[in-house]
Amino acid sequence: MNLPVLAGTLSTVLFAAGMLPMLIKAARTRDLASYSLGNLILSNVANIVHSLYVFHLPAGPIWALHLAYVFASALMLAWWLRYRETGHDATGSMQAGKPEGSAMDITTRHQGAQS
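Residues numbered from 1 in each chain as written. Predicted model: local features only at pLDDT ≥ 70, side-chain atom pairs only at ≥ 80, totals over all residues. Heavy atoms only, no water.

1. Things to note about the overall build of the protein chain
Along its length, the protein chain carries four helices and zero strands. Start at the N end of the protein chain and walk to the C end: the helices and strands fall as α-α-α-α. Looking at the protein chain as a whole, 23% of its 115 residues are labelled buried. Considering only contacts in the protein chain between residues 6 or more positions apart, those separated by 24 or more positions represent 63%. Counting every atom, the protein chain has about 8,200 Å² of accessible surface; 69% of that belongs to carbon and sulfur. (Helix = DSSP H or I, 4+ residues; strand = E, 2+ residues; numbered from the N terminus. Buried < 20%, exposed > 50% of the residue type's maximum accessible area, 1.4 Å probe, protein only. Contact = heavy atoms within 4.5 Å. Areas by Shrake-Rupley, 256 points an atom, 1.4 Å probe, with all protein chains shown as cover.)

Structural data, given as structure tokens:
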């Protein structure tokens, strides 16, 4: 394996591994409120257009890297659309419109304990 292909393979593994914490956290918490719908849509459109370029290159690490980006951005968009206003926590139970541990929730618990 020549140096450029080795570098491409190593960088692909590192970039793909760098996306895993984001995907794991999004899957676990279902909290995608900090993600912009516009950015997620634009990333997916860009990946589609970029595919025209990437898949005309010889098969190699760039294909794997691009597929990782396509998968991650499509998954994040799907999750954003699915979980944007459901009010579900990580276990799937309803949170009555407020995130667990919010100031409102803490205030209510402390007031109830003082009464």
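After that view, the rundown keeps rolling.
2. As for the nonpolar core
Met-19, Leu-23, Ala-26, Leu-32, Leu-40, Ala-68, Ala-72, Met-76, Leu-77, Trp-79, Trp-80 and Tyr-83 form the largest nonpolar core, which has twelve residues in total. When contributions to this core are tallied by element, the ones reaching two or more residues are helix 1 (3–29) and helix 3 (61–83). In contact with Leu-40, other than residues within four places in its own chain, are Tyr-35, Met-76, Leu-77 and Trp-80. (Core = buried A, V, L, I, M, F, W, Y, C linked by side-chain atoms within 4.5 Å.)

3. Observations regarding the environment of Leu-57
Along the polypeptide, Leu-57 turns up in the loop between helix 2 (37–54) and helix 3. The contact partners of Leu-57, leaving out residues within four places of it in the chain, are Ile-62 and Trp-63.

4. Notes on unusual backbone geometry
A positive phi angle, near 60°, is found at Arg-30, a position not held by glycine. As for its position among the elements, Arg-30 is in the loop between helix 1 and helix 2. For Arg-30, a relative accessible area of 24% corresponds to the partly exposed category.

5. Overview of a nonpolar patch on the surface
On the surface, Met-1, Leu-3, Val-5 and Leu-6 cluster together to form a nonpolar patch covering roughly 450 Å² of accessible area. With respect to the helices and strands, the residue Val-5 is situated in helix 1. Taking relative accessible area as the criterion, Val-5 reaches 34% and is therefore assigned partly exposed. (Patch = residues over 30% accessible without salt bridge, like charges linked within 9 Å, V, L, I, M, F, W, Y side chains within 5 Å. Salt bridge = Lys/Arg side-chain N within 4 Å of Asp/Glu carboxyl O.)

6. Side note on the confidence of the model for the protein chain
Residues with a pLDDT of 70 or more make up 73% of the protein chain, whose mean pLDDT is 81. Mean pLDDT values over the elements of the protein chain span from 50, in helix 4 (residues 103–114), up to 95, in helix 2. Considering only residues more than four positions removed or in separate chains, one finds that residues 100–108, a stretch of pLDDT under 50, has six contacts. (pLDDT = per-residue confidence, 0-100.)

7. Considerations on the side chain of Asn-47
By the element assignment, Asn-47 lies in helix 2. The exposure class assigned to Asn-47 is buried, which follows from its relative accessible area of 13%. Sequence-distant contacts of Asn-47, defined by excluding residues within four places in its chain, comprise His-66, Tyr-69, Val-70 and Ser-73.

8. As for helix 2
With 18 residues, helix 2 extends 25 Å between its outermost C-alpha atoms, agreeing within 8% with the 26 Å of an ideal straight helix rising 1.5 Å per residue. All buried positions along helix 2 are accounted for by Leu-40, Asn-44, Asn-47, Ser-51 and Val-54. Each element contacted by the buried residues of helix 2 is listed here: helix 3. One side-chain oxygen of the residue at the start of helix 2 lies 3.3 Å from the amide nitrogen of Gly-38, identifying that residue as Ser-36. (Expected span 1.5 Å × (residues − 1). Polar contact = N/O pair within 3.5 Å; in protein donor to acceptor, adjacent residues only side chain to side chain.)

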